[in-house]
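Residues per chain, in single letters:
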Amino acid sequence: MKWFRRILFALILIILLCLAAYVVSPKSNAGEMGIHLTDADDIYAECKNTLDIFAVGNSNLFAAMTPMQLWEDYGYTSYAAGESNQMIYRSYFLLKSLIDKHKPKLCILETDVVFQYRSTASDLQSIISEYISEDFPLFEYHNRWKKLTERDFTTVPSHNRPNVLKGYEYVTYSNPYTGGEYMNETENIESFHKIQKFFLDKITELCKENDIELLLIDVPSSKSWSYEKHNAIQDYADENGLKFIDFNINRDSFGIDWNTDTRDGGWHMNHSGAVKVTEYLGKFLDENYHLPDHRGEYGFEQWANDLAEYKKTIGE
């Protein structure tokens, strides 16, 4: 009978953990509900099977890619799921969580995340937390117990607040970059940390397993990028048969002006820079991929509404 009691205890414990996870999980993707990193998590509010392009990366991504511009120009449905200081293992888990819901045709990886490294101990702790949080939200949101309301016991969790900017961060002010040329050609190659390389490979494998094309990019950033990093990513792209756009190499071809197109002295693009980056990206996608144009298509009416709201936001 001991084995029976042990099994019964284990089942009761699992049921209690599931119920606790249900209660503490935010009931919407609104910031006041306690959800973490709301702009990236707003992607879960998008209707099922409506996203063809899923982009992941750090703040460089959400400052430089404006998905509604891609929608207006090409009818592409995309989302810039960038987060400040996003680590590449977070990029992997975000992509993994979206595949079943949207089955994207293209994943864009902003490669600055490949070189973001804290310490082995800190990274391993975060990775373990990501694995656990996949199946047990209780561990991610356990601190919400202090703010629980009646709604947490009666409402099913859902992501019901769409983000009309689709992850993009709209900033108009400029703070020029006044330094010299930072992309000085060299044969030196930046090294990958083992954990970051492991998850770069995991993203590549995940895309291949799910018939998702993977595009590597790096947007203009005089502060976080270098020719050594370019060489490392270019070698990886060549070894794995991937396309790579380094916007730091091609700046003249799409007119980046460091006097007007950066918000913070060269770290990130402002809206002027984002428009130029996205225009170049859209042309590249149009020329190199077979992505559907959903404008006027049944089931995508919300994108037309979001475009109208987006234009109000940017003053057009």
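Keep in mind that what you see is a predicted model, and the values were worked out from it rather than measured.

A. Structural context of the overall build of the protein chain. Across its full length, the protein chain holds 13 helices and 5 strands. When burial is assessed residue by residue, the protein chain has 50% of its 316 residues classed as buried. Summing over all exposed atoms, the protein chain offers an accessible surface of approximately 15,700 Å²; the carbon and sulfur share of this is 53%.

B. The arrangement of the pattern of salt bridges in detail. Scanning all chains against the criterion turns up 12 salt bridges. Here Asp52 makes a salt bridge to Lys105, at a shortest N to O gap of 3.1 Å. A residue pair is termed long-range when its members are at least 10 positions apart, and Asp52 in the loop between helix 2 (38-41) and strand 1 (53-57) and Lys105 in the loop between helix 5 (88-102) and strand 3 (106-110) qualify at 53 residues. One salt bridge in this structure joins Arg295 and Asp293, with 2.7 Å as the shortest N-O distance. What makes Arg295 partly exposed here is its relative accessible area of 40%. For Asp293, a relative accessible area of 38% gives the class partly exposed. Ionic contacts of the salt-bridge type, sharing partners, join the residues Glu46, Lys166 and Asp306 into one network.

C. Molecular detail of the side chain of Asp52. With relative accessibility at 5%, the residue Asp52 sits in the buried group. Residues within four places of Asp52 in sequence aside, it is in contact with Thr77, Pro104, Lys105, Leu106, Pro292 and His294.

D. Broad picture of the packing of helix 5 against helix 9 (residues 194-209). Interhelical geometry of helix 5 versus helix 9 gives an angle of 20° and a closest axis separation of 9 Å. For the element pair helix 5 / helix 9, the angle class is roughly parallel. Classified by chirality, the crossing of helix 9 by helix 5 is left-handed. Residues Ile88, Tyr89, Ser91, Tyr92, Phe93, Leu95, Lys96 and Ile99 of helix 5 pack against Ile195, Gln196, Phe199, Leu200, Lys202, Ile203, Leu206 and Cys207 of helix 9. For the contact of helix 5 with helix 9, the class distribution of residues is 12 nonpolar, 2 polar and 2 charged.

E. Summary view of the side chain of Thr262. If you trace the backbone, Thr262 turns up in the loop between helix 11 (251-254) and helix 12 (271-288). Residue Thr262 is classed as buried on the basis of its relative accessible area of 0%. Among the polar contacts made by the side chain of Thr262, one reaches the main-chain amide nitrogen of Asp264 at a distance of 3.4 Å. In this structure the side chain of Thr262 is engaged in a polar contact, spanning 2.8 Å, whose partner is the backbone oxygen of His268. The contact partners of Thr262, leaving out residues within four places of it in the chain, are Tyr173, Ser174, Asn175, Pro176, Tyr177, Trp267, His268, Met269 and Asn270.

F. A look at the nonpolar core. Membership of the largest hydrophobic core comes to 76 residues, with the highest contact counts inside it found for Ile108, Leu215, Leu216 and Leu285. With 8 residues, the single largest contributor to this core is helix 5. If we ignore the near neighbours within four places in the chain, the residues touching Leu216 are Leu109, Thr111, Ile233, Tyr236, Ala237, Leu242, Lys243, Phe244 and Ile245.

G. Quick peek at helix 12. The end-to-end C-alpha distance of helix 12, which contains 18 residues, comes to 25 Å, matching closely the 26 Å that a straight helix rising 1.5 Å per residue would cover. Three or more residues of helix 12 are buried, namely His271, Gly273, Ala274, Val277, Thr278, Leu281, Gly282, Phe284 and Leu285. Projected down its long axis, helix 12 shows its buried positions confined to an angular sector of 165°, all on one face. You can read the cap of helix 12 off the contacts: a side-chain oxygen lies 3.2 Å from the backbone nitrogen of Ser272, and it is on Asn270.

H. Structural detail: the packing of aromatic side chains. Applying the stated criterion across every chain yields a total of 17 aromatic pairs. Taking 5.4 Å as the distance between ring centres and 40° as the angle between the ring planes, the aromatic pair formed by Trp71 and Trp303 counts as tilted. Highlighted residues: Trp71 in helix 4 (residues 67-74) and Trp303 in helix 13 (residues 301-313), separated in sequence by 232 residues. For the pair shown, Trp71 and Trp303 are each scored as buried. Joined through ring pairs, the aromatic side chains of Tyr89, Tyr92, Phe93, Phe198 and Phe199 make up one cluster.

I. Spotlight on the environment of Gly296. Position of Gly296 relative to the elements: it lies in the loop between helix 12 and helix 13. The exposure class of Gly296 is exposed, given its relative accessible area of 86%. Along the backbone, Gly296 and Gly75 are 221 residues apart, and their C-alpha atoms lie at a distance of 8.8 Å.

Calculation notes
- Residues numbered from 1 in each chain as written.
- Predicted model: local features only at pLDDT ≥ 70, side-chain atom pairs only at ≥ 80, totals over all residues.
- Heavy atoms only, no water.
- Helix = DSSP H or I, 4+ residues; strand = E, 2+ residues; numbered from the N terminus.
- Buried < 20%, exposed > 50% of the residue type's maximum accessible area, 1.4 Å probe, protein only.
- Areas by Shrake-Rupley, 256 points an atom, 1.4 Å probe, with all protein chains shown as cover.
- Salt bridge = Lys/Arg side-chain N within 4 Å of Asp/Glu carboxyl O.
- Contact = heavy atoms within 4.5 Å.
- Axes fitted to C-alpha atoms, helices over the stretch in contact; angles between N-to-C directions.
- Parallel < 35°, antiparallel > 145°, perpendicular 65-115°, else oblique.
- Left-handed = near helix turned anticlockwise from the far one by under 90°.
- Nonpolar A, V, L, I, M, F, W, Y, C, P; charged D, E, K, R; others polar.
- Polar contact = N/O pair within 3.5 Å; in protein donor to acceptor, adjacent residues only side chain to side chain.
- Core = buried A, V, L, I, M, F, W, Y, C linked by side-chain atoms within 4.5 Å.
- Expected span 1.5 Å × (residues − 1).
- Arc of directions from axis to C-beta.
- Phe/Tyr/Trp six-rings, centres within 6.5 Å; stacked < 30°, edge-to-face > 60°.

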